[in-house]
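Residue-level structural notes
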Amino acid sequence: MTAEVRTPEQGGGPLTTEPRAPRSAPGHADASAPAFGPETDPRDIIRWALAAHPDLLMPSAFNLNGVVLLDLAAQAGYRGEVVFVDTGYHFPETLATRDRLESRYPELTFVTLNAGASPDDGQTPPDLYASDPDACCAARKVDPLQRYLKEQGPSALLNARSRDQASTRADIPFVEEGGARRRVNPLAHWTREQLEAYAAEHDLPVNPLYFDGFLSIGCWPCTRAVKPGEDARAGRWAGKGKTECGLWQGENKL
Ligand code: SF4
C-alpha cells in the first residue's frame, strides 16, 4: 500500500495520510529490554519490540541496512508503516528501490513524506545544501519526520543503524533509551559482510548505487562513493564537516 504526504508548503495541509488505521494500541515504554547479545537473531529483537511497542514505526532511507531490516521485520511479523522522507534530492535509483520494495512487501504500508519534493520547490533555497547543510537537512528531512511522528505518536522506532558503519556509531546499543521515544536497533552488531550475505541469499532489491561504491546513500549533492578503507558513511557530506543528518543524533533526534 502507498501513502504519500505533502507538506503544508506544498499545499498539502497537515502531515496526515488517509486511509490509515488509528493508533489505538499504545506502546509500553516501561517494558525493560532483555539482555540481547551479538548472537541474538535480529528477528527476536523485533518480536520483542513489537510486543513491547505495538505502535512501533520504521523510518527508512532504503540503504543496505534498511533493506535487510525491512525483510527481517516482515519475517518477524511487522505490519506497520515504512516511512521515507523525500527531500527532493534523492537519486532516481533510491526512489526506484523504494518502489521495488513496495511491490515486494504488500503487507507493509509505505509512506512517503514530502511527496513530490524537488530542488526548485521553494521549500529552501536550491543551493542551501552547499551553504548550510545542517539547515537543509533540518528543513527537508528532520522537520517533516518530526512532525509526522508528533502526529502518529509511536512510542518506539525500528532503526537499521549498525556499529561498523562509522566510528561515530561504534557504541550503538540494541535499545536506545532517552529522548521522545525508544530506538530499537536490531542490526547494531551486524557487519557489512553479514548484511551483504543476507541480501544476496534472499535476493533483496539493493540500491544499485551500492555496487558502485555508494555504501551509504543520501541525497545526491551530499553523497559520493567511498574509497577503499573508508568507513561506509565516509561518502556522506564529505568535506562539509558533517556526519549525521540529525535524525539519530543531536538535540532534535527522533
Ligand atoms: Fe539537503 Fe544534503 Fe541534507 Fe539532503 S543530505 S537534506 S540535500 S543537506
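Heads up: these notes are all about the structure in this document.

Definitions and limits used
Residues numbered from 1 in each chain as written. Predicted model: local features only at pLDDT ≥ 70, side-chain atom pairs only at ≥ 80, totals over all residues. Heavy atoms only, no water. Helix = DSSP H or I, 4+ residues; strand = E, 2+ residues; numbered from the N terminus. Buried < 20%, exposed > 50% of the residue type's maximum accessible area, 1.4 Å probe, protein only. Areas by Shrake-Rupley, 256 points an atom, 1.4 Å probe, with all protein chains shown as cover. 1 Å grid on protein atoms, 1.4 Å probe; cavity = no way out; pocket = protein on both sides within 12 Å on 5 of 7 lines; lining within 4 Å. Points joined across faces, edges and corners; volume = space filled by probe spheres on them. Nonpolar A, V, L, I, M, F, W, Y, C, P; charged D, E, K, R; others polar. Near = heavy atom within 4 Å. Sits in = over half its atoms within 2 Å of the grid points. Polar contact = N/O pair within 3.5 Å; in protein donor to acceptor, adjacent residues only side chain to side chain. Contact = heavy atoms within 4.5 Å. Salt bridge = Lys/Arg side-chain N within 4 Å of Asp/Glu carboxyl O.

Concerning the overall build of the chain
Within the chain, the secondary structure is distributed over six helices and seven strands. Across the 254 residues that make up the chain, the buried fraction comes to 53%. For the chain, the accessible surface area stands at approximately 11100 Å², while carbon and sulfur atoms represent 51% of it.

A closer look at empty space enclosed by the protein
Taken as a whole and assessed by the stated rule, the structure comprises two cavities of 30 Å³ or more. Estimated volume of the largest cavity: approximately 540 Å³. If you go around the largest cavity, you meet 39 residues; those closest to its centre are A61, N63, R233, R236 and W248. Taken together, the residues that form the lining of the largest cavity break down as 21 nonpolar, ten polar and eight charged. Considering only enclosed or pocket space, the second largest cavity measures out at about 120 Å³ in volume. Lining the second largest cavity are 14 residues; nearest its centre among them are C136, C137, C219, C222 and W237. The biggest single contributor to the lining of the second largest cavity is helix 5 (residues 133-152), with five residues. A per-class count over the lining of the second largest cavity returns nine nonpolar, two polar and three charged.

A word on the site of the ligand
Residues in contact with the ligand, as listed here, are Y89, Y129, P133, C136, C137, C219, C222 and W237. Judged by the proximity of its atoms to the pocket grid, the ligand belongs to the second largest cavity. Broken down by element, the residue count for the shell around the ligand peaks at three residues, all from helix 5. Residues belonging to the shell around the ligand are distributed by class as follows: eight nonpolar, no polar and no charged.

A short note on the side chain of R140
Take R140: it is sitting in helix 5. At a separation of 2.8 Å, a polar atom in the side chain of R140 contacts the side chain of T124. Residues within four places of R140 in sequence aside, it is in contact with V85, T87, G88, Y89, N114, A117, S118, P119, D121, Q123 and T124.

Overview of the pattern of salt bridges
Going through the model one piece at a time under the given rule, you end up with ten salt bridges. A salt bridge links R104 to D71; the nearest nitrogen and oxygen atoms lie 4.0 Å apart. Of the two residues, R104 is situated in helix 3 (residues 92-104) and D71 in helix 2 (residues 64-76); the sequence distance between them amounts to 33 residues. Classification of R104 as partly exposed rests on a relative accessible area of 33%. Since its relative accessible area comes to 6%, D71 is described here as buried. A salt bridge links R140 to D121; its shortest N-O distance comes to 2.7 Å. Here R140 is found in helix 5, whereas its partner D121 is found in the loop between strand 4 (109-113) and helix 4 (128-131), with 19 residues between them in sequence. According to the relative accessible area criterion, R140 is buried, its value standing at 1%. A network of salt bridges, in which partner residues are shared, links R161, E176 and R183.

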